[in-house]
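# Analysis of the macromolecular model
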Amino acid sequence: MEHLSDRALARLRNGAEIPDLTGTRYRLLGQVARGGMGIVYAAEDQDLQRRVALKVLEVPGAQGELANRLLREARVLARLEHPGIVPVHDVGTLADGRVFYAMKFVEGQQLDKYIESVTPTPDRLRIFLRICDAVAFAHARGVLHRDLKPANVMVGSFGEVLVMDWGLAKILAAPSDPDAPTRDFSSIDRAKETDGASLVTDHGRVMGTPGYMSPEQARGEVEGLDARSDIFSLGVLLRFLLSHRPSERSSGRTGRALEAICVKACAQGREDRYATVQELAADISRYLDGLAVAAYRESIFERLARFYGRYRFFILLIAAYLLVRVLLVLFYHH
Amino acid sequence: MPQDEIIAGDARFPATRWSVIEASRSADGAERQRALETLCQAYWKPVYKYVRLRWNRTPEDAQDLTQGFFAEMLERELLKRFDSGKSRLRTYLRLCVDSFVMNQDKAASRQKRGGEAQHLALDFHGAEEELGNGTIDAAAIASPESLEEFFEKEWVRSLFALAIEDLRALSAERKRDQAFQLFEAYDLDGDDHTSYQQLAQRYAIPVTDVTNALAWVRREFRRIALERLREICSSDEEFRRETKTAFGWDAH
């Protein structure tokens, strides 16, 4: 039997890992990232002469739980055509037996890196609103993300915000989208979701990211998950966006209102959270517009302060006008 | 009288999923025997080297203990007690080896076992050469973590070596010996300075032929190694984790 040196072992490992793109229209350019179940490579689509990202399963075989999950992720992405969700172009099996799908190659940064260059709170909140848009769209199509976190959000070089990695997505009821495929697609997905659900409980293994998962997701209550589970994760993500800035601390009314939004989104009991992502986004929009947020009951002084902050120009204008009038009256009186 | 058996590449277990564990629990004695052979192929070298280093045994003692361990695995049906929910098969077997060696220290029954148990024809001389002609640095693998790593590495080495033997046979069968030679020259024996261009010149073929040949061999190597791995894993989850171990992918 062949004796293998340590160097040969290392070469065999590396050589076996590289996806075999023989027979496809893709040419490998390099490795981009490693995910929970696959490796993402940059490749060139030689027919269309453009760069794409290939997510390739680590383990060969078109059957099995991982292959099903990757195919399912591709189908979920195909269902979600939205500017905030990375589009999928192709799906298939490579010559080496590994399942893959091709998607848009996003040039940009993960949110946790990108945010370091974005300081003003309103700018951060506008990024958050765009994440909410994409997630709300997915919910409207009957899809839960289940793994929302900064590492799964990309900000492109032109400022586009994309929610990535839908590998843990859960298909809820049939989509409300009137344009949804008419074939029995939802039933296929529901069947696969049963596989996904058993994944969560079979080995006592909970899928998701600790710290970002809702309490019910962390308990493995797969069947009962709804949009409010993603809302919890969005709340944690919002808190990250607001606090990931060691040199600055929010305070006063600003801090209290946004903190109240975070607290409501991250409530332990899901009945205490926002019912929909739109409600959460609406509260953030109200905050940006200087309006009262639903999550926080203001005192009269805070209301006045907010009123002053919102209409400061007009208030100062009126005050100046009144002051001039008073001075004129006094002048003529003398 | 001992019954010698040759553990060769063509004695592989039929390629059914998780077959080795299922077969080890079969009521059919022949099925159990074949399961043991499959396991033995993948594990005897790691076990032998582990006994040599972990238990600091002489080559003769380690050979005897390795033979005895696999005989006991069959006699006492150790695989029936394996619970895939608690540990990997590899870890379970390593702990069984520890327990076996400790029990052998207590009992002076080695002579008796040697007289009764069947013997497997194993290339201990080759294994000893791989250990560096007896140059053993036991201190280097003194901690439990490094012992685990050592056993794991030797297990991967054994798995890949078996896959390469299968690959050699497959290449000959498909009349693609040159592809296997290129694979040997580049992946097994080559240094970091070997290039596809050099190989193309050496074999007087276009560089694209080298690329295509190596792509085919690596694909087949990967497929064969994973097939062998599947045979000795007890579940999809264990297969996934062991694939990561064998191919160096990150565990999640």
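Conventions used here
Residues numbered from 1 in each chain as written. Chains lettered and ligands numbered in written order. Predicted model: local features only at pLDDT ≥ 70, side-chain atom pairs only at ≥ 80, totals over all residues. Helix = DSSP H or I, 4+ residues; strand = E, 2+ residues; numbered from the N terminus. Buried ≥ 20, exposed ≤ 12 C-beta atoms within 10 Å, placed from the backbone. Contact = placed C-beta atoms within 7 Å. Axes fitted to C-alpha atoms, helices over the stretch in contact; angles between N-to-C directions. Parallel < 35°, antiparallel > 145°, perpendicular 65-115°, else oblique. Left-handed = near helix turned anticlockwise from the far one by under 90°. Nonpolar A, V, L, I, M, F, W, Y, C, P; charged D, E, K, R; others polar. Arc of directions from axis to C-beta. Pairing = 2+ DSSP bridges. pLDDT = per-residue confidence, 0-100.

The next subject is the overall build of chain A. Scanning chain A for helices and strands turns up 11 helices and 10 strands. Per-residue burial for chain A yields a buried fraction of 36% across its 334 residues. Excluding contacts between residues fewer than 6 apart, the proportion of contacts in chain A whose partners are at least 24 apart in sequence is 60%.

So, on to the overall build of chain B. Helix and strand counts for chain B stand at 11 helices and 2 strands. Reading the secondary structure of chain B in the N-to-C direction produces β-α-α-α-α-α-β-α-α-α-α-α-α. For chain B, restricting intrachain contacts to residue pairs at least 6 apart in sequence, the fraction spanning at least 24 positions comes to 70%.

Residues and elements named next belong to chain B. Running from N to C, helix 9 (residues 196-203) and helix 10 (residues 207-231) cross one another at 105°; their axes reach a closest spacing of 8 Å. As far as their axial angle goes, helix 10 and helix 9 are roughly perpendicular. Facing Y196, Q197, L199 and A200 of helix 9, the residues of helix 10 in contact are V207, V210 and T211.

The next point concerns the packing of helix 4 (residues 121-140) of chain A against helix 9 (residues 277-288) of chain A. Helices that pack against each other are described as a pair by the angle of their axes relative to one another and the distance between those axes. All names here are of chain A. Between helix 4 and helix 9, whose axes approach to 9 Å, the crossing angle comes to 160°. By the angle class used here, helix 4 and helix 9 are roughly antiparallel. When you trace helix 4 past helix 9, the crossing you get is left-handed. On helix 9, the residues that touch P122, L125, F128, L129, C132, V135, A136 and H139 of helix 4 are V277, Q278, L280, A281, I284, S285 and L288.

Quick look at the environment of A200 of chain B now. All names here are of chain B. Structurally, A200 is set in helix 9. Overall, the presence of 17 C-beta atoms within 10 Å leaves A200 in the partly exposed class. For A200 and L182, which are 18 residues apart along the polypeptide, the C-alpha to C-alpha distance reads 9.2 Å. What A200 contacts, discounting residues up to four positions off in sequence, is I205, P206, V207 and V210.

Further remarks concern the interface of chain A and chain B. Contacts between chain A and chain B engage 26 residues on the former and 27 residues on the latter. For the side of chain A that touches chain B, the elements supplying multiple residues, two or more each, are helix 1 (6-17) and helix 2 (65-79) of chain A. When residues of the side of chain A that touches chain B are assigned to their parent elements, the largest contribution, 8 residues, is made by helix 1 of chain A. Looking at the side of chain A that touches chain B residue by residue, the class counts come to 10 nonpolar, 7 polar and 9 charged.

Right, let's talk about helix 8 (residues 177-188) of chain B for a bit. For helix 8 of chain B, the complete set of buried residues consists of A179, F180, L182, F183, Y186 and D187 of chain B. Buried residues of helix 8 of chain B, seen end-on, are gathered within an arc of 155° and therefore sit on one face of the element.

Let us look at the sheet that holds strand 4 (residues 88-93) of chain A. Residues and elements named next belong to chain A. One open sheet accounts for 5 strands, arranged 1-2-3-5-4; its pairing is antiparallel. Of all strands in the sheet, those with a lone pairing partner are strand 1 (26-34) and strand 4, marking the two edges. Averaged over all pairs of adjacent strands, the angle between their axes in this sheet comes to 25°, without regard to strand direction. Both strand 3 (residues 50-57) and strand 5 (residues 99-104) contribute to a ladder of 5 bridges, which runs antiparallel. Each residue of the ladder has a partner; that of K55, found in strand 5, is Y101.

Detail in the predicted coordinates should be disregarded across regions flagged by low pLDDT. Residue and element names in this part refer to chain A. Per-chain confidence: chain A averages 81 in pLDDT, with 84% of residues scoring 70 or above. The element-level mean pLDDT for chain A is lowest in helix 5 (residues 185-202), coming to 33, with strand 9 (residues 161-163) highest at 95. Note on residues 176-205: pLDDT under 50 across the span, and 31 contacts to partners over four residues away in sequence or across chains. The low-confidence segment residues 246-253 (pLDDT under 50) makes 6 contacts with residues lying over four places distant or belonging to another chain.

Let us look at the pairing of strand 5 of chain A. Residues and elements named next belong to chain A. Taken across its 6 residues, strand 5 has 5 buried, putting it largely inside the fold. Bridge count for strand 4 against strand 5 is 5 bridges, and the pairing is antiparallel. Within strand 5, the residue paired with G92 across the bridge is F100. Hairpin connection between strand 4 and strand 5: a loop of 5 residues separates the two successive antiparallel strands, and G97 in this loop has a positive phi of roughly 90°.

Residue and element names in this part refer to chain A. Read across the sheet, 3 strands follow the order 6-8-9 without closing on themselves; strand pairing throughout is antiparallel. The open sheet has two edge strands with one neighbour each: strand 6 (108-110) and strand 9. Put simply, the sheet's adjacent strands are angled 25° from each other on average, direction ignored. The pairing of strand 6 with strand 8 (residues 153-156) spans 3 bridges and is antiparallel. If you follow Q109 over to strand 8, its bridge partner there is V155. The strands that helix 4 touches are strand 8 and strand 9; relative to strand 9, the one it contacts most, it runs at about 40°.

The next thing to look at is unusual backbone geometry. Here the phi dihedral of R146 of chain A falls at roughly 75°; this positive angle occurs in a residue that is not glycine. Tracing the backbone shows R146 of chain A in the loop between strand 7 (143-144) and strand 8. By C-beta crowding, R146 of chain A is classed as buried, having 24 other C-beta atoms within 10 Å. Non-glycine residue N56 of chain B carries a positive phi angle of around 50°. The residue N56 of chain B is located in the loop between helix 2 (29-54) and helix 3 (59-75) in this model. The exposure class assigned to N56 of chain B is exposed, which follows from the 11 C-beta atoms found within 10 Å.

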